[in-house]
Amino acid sequence: ILSESMSGKIVVMIPAFNEEKTIGAVIRSVPRKVRGRRVEVLVSDAGSRYATARISKKAGARRVVSHRTNLGVGAAFRTGIDEALKMGAEIIVTMDADGQFDSRDIPRLVEPIIAGKADMVTCSRFLDKSLEPEMPVVKRFGNKVFRNIVNFFTGKNFTDTQCGFRAYSREAALRLVLFGKFTYTQETIIDAVDKGLRVTEIPCTFRKRADKSRLFNGIVDYALRAVHTIIVGNLKLRPMSTFGGVGILVIVAGILIGWPVILSFLATGRIGDAYLMRAIVTGILFI
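Quick look at the structure, then. (Residues numbered from 1 in each chain as written. Predicted model: local features only at pLDDT ≥ 70, side-chain atom pairs only at ≥ 80, totals over all residues. Heavy atoms only, no water.)

1. Overview of the overall build of the protein
Looking only at helices and strands, one finds 10 helices and 8 strands in the protein. Considering only contacts within the protein whose residues lie at least 6 apart along the sequence, 72% involve residues at least 24 apart. (Helix = DSSP H or I, 4+ residues; strand = E, 2+ residues; numbered from the N terminus. Contact = heavy atoms within 4.5 Å.)

Encoded structure:
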């Protein structure tokens, strides 16, 4: 628990890719003190081709780390988390570089961690009906689908699992193990819940993006990449339960298909020609 008297540093980490039009304003809007704690800004540049890194430094970012090529926002997130921990962060806040989130919500975001009530706090665009943003039907449906997938894997009831405006305690950040390169929003929740970390949501304000996202080519592209990240992350986090469950289903299928073969063998002492194909399929399924 971070007591009121502690001056633990807060690092606001901003993953960015070709966001030279908005990154400067986002950095300047970040408060430099929250509840008496020093706030520093870190930009994790995901291989931008333009002036994102230069503008970030000019706008007041304490540190900028850059990938030479675009490895994905998930990779930039991991690099940023590692760098924030090296900077001595007690709390790490992540927010998007496109100006969709209001930095004035940062004090409310870190409050549950400071109070010792949460290890990870994520903003929800749908928790407070009065703050719900206008959103295309397709995108809203996609958010709902991903929310349900994450809730299925975690057994929780989150309202928004795609929001990148979050806060992590130092312990939570140290314990996160992520595999996806394209995105991190869903995988971090699954990993945190899997490790028994306390994850809570707070409502936040959200502004509509003025132009097209630079991180993916349309809704379908995002959906395919995000689903891949969720599935691969879950396989690596829970290999025994995931592969074990699939294995049990295959064995049960083998028993159902092979049951006549077993009965024939017990009755005659041999496998008749009529059951030969069943026997082969049963053996393959068991293997």
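Read on for the rest.
2. What to know about unusual backbone geometry
Its identity is not glycine, yet Asn18 carries a phi of approximately 50°, on the positive side. Residue classification places Asn18 among the buried residues on the basis of a relative accessible area of 2%. (Buried < 20%, exposed > 50% of the residue type's maximum accessible area, 1.4 Å probe, protein only.)

3. Some thoughts on helix 3 (residues 73–86)
Spanning 14 residues, helix 3 covers 20 Å between terminal C-alpha atoms, matching the ideal 20 Å at 1.5 Å per step. Buried residues of helix 3: Val73, Gly74, Ala75, Ala76, Phe77, Gly80, Ile81, Glu83, Ala84 and Leu85, and no others. Gly88 sits one or two residues past helix 3 and shows a positive phi near 90°. (Expected span 1.5 Å × (residues − 1).)

4. Quick look at the nonpolar core
Ranked by size, the top nonpolar core spans 35 residues in total, and within it Ile14, Val93, Met95, Ile106, Val110 and Phe165 carry the most contacts. Secondary structure elements with two or more residues in this core: strand 1 (9–16), helix 1 (23–29), strand 3 (37–45), helix 2 (52–59), strand 5 (89–94), helix 4 (106–114) and strand 6 (120–124). Looking at this core, the element that brings in the most residues is helix 4, giving 5 residues. Ignoring anything within four residues of it in the chain, the contact list for Ile14 reads Ile23, Val26, Ile27, Val41, Leu42, Val43, Ser44, Met95, Asp96 and Ala97. One finds Phe77, Met120, Ala173 and Leu237 within the second-largest nonpolar core, a separate group that totals 28 residues. (Core = buried A, V, L, I, M, F, W, Y, C linked by side-chain atoms within 4.5 Å.)

5. Quick look at the packing of helix 9 (residues 239–268) against helix 10 (residues 276–286)
Between helix 9 and helix 10, the shortest axis-to-axis distance is 8 Å and the interhelical angle comes to 155°. Classified by the angle between their axes, helix 9 and helix 10 sit roughly antiparallel to one another. You can see that helix 9 and helix 10 cross each other, and the crossing is left-handed. In this structure, helix 9 contributes Val250, Ile251, Ala253, Gly254, Ile255, Leu256, Ile257, Gly258, Pro260 and Val261 to the contact, and helix 10 contributes Arg278, Ala279, Val281, Thr282, Leu285 and Phe286. (Axes fitted to C-alpha atoms, helices over the stretch in contact; angles between N-to-C directions. Parallel < 35°, antiparallel > 145°, perpendicular 65-115°, else oblique. Left-handed = near helix turned anticlockwise from the far one by under 90°.)

6. Quick word on the packing of aromatic side chains
In total, this model carries 5 aromatic pairs according to the counting rule given. Of the aromatic side chains, those joined through ring pairs into one cluster are Phe77, Tyr168 and Tyr184. A cation over a ring is seen here: Arg125 above Phe206, with NZ or CZ 5.3 Å from the ring centre. (Phe/Tyr/Trp six-rings, centres within 6.5 Å; stacked < 30°, edge-to-face > 60°. Lys NZ or Arg CZ within 6 Å of the ring centre and 35° of its normal.)

7. Quick word on the environment of Leu109
Mapping Leu109 onto the fold places it in helix 4. Linking Leu109 and Pro203, residues 94 residues apart in sequence, is a C-alpha distance of 9.2 Å. Setting aside residues no more than four positions away along its own chain, Leu109 makes contact with Val93, Val121, Thr122, Cys123, Phe165, Arg166, Ala167 and Ile202.

8. So, a nonpolar patch on the surface
A contiguous nonpolar patch, built from Ile251, Ile255, Trp259, Ile262, Leu263, Phe265, Leu266, Ile271 and Phe286 and spanning about 870 Å² of accessible area, is present on the exposed surface. For the nonpolar patch, the element with the highest residue contribution is helix 9, accounting for 7 residues. The residue Leu263 is located in helix 9 in this model. Look at Leu263 and you get partly exposed, because its relative accessible area is 43%. (Patch = residues over 30% accessible without salt bridge, like charges linked within 9 Å, V, L, I, M, F, W, Y side chains within 5 Å. Areas by Shrake-Rupley, 256 points an atom, 1.4 Å probe, with all protein chains shown as cover. Salt bridge = Lys/Arg side-chain N within 4 Å of Asp/Glu carboxyl O.)

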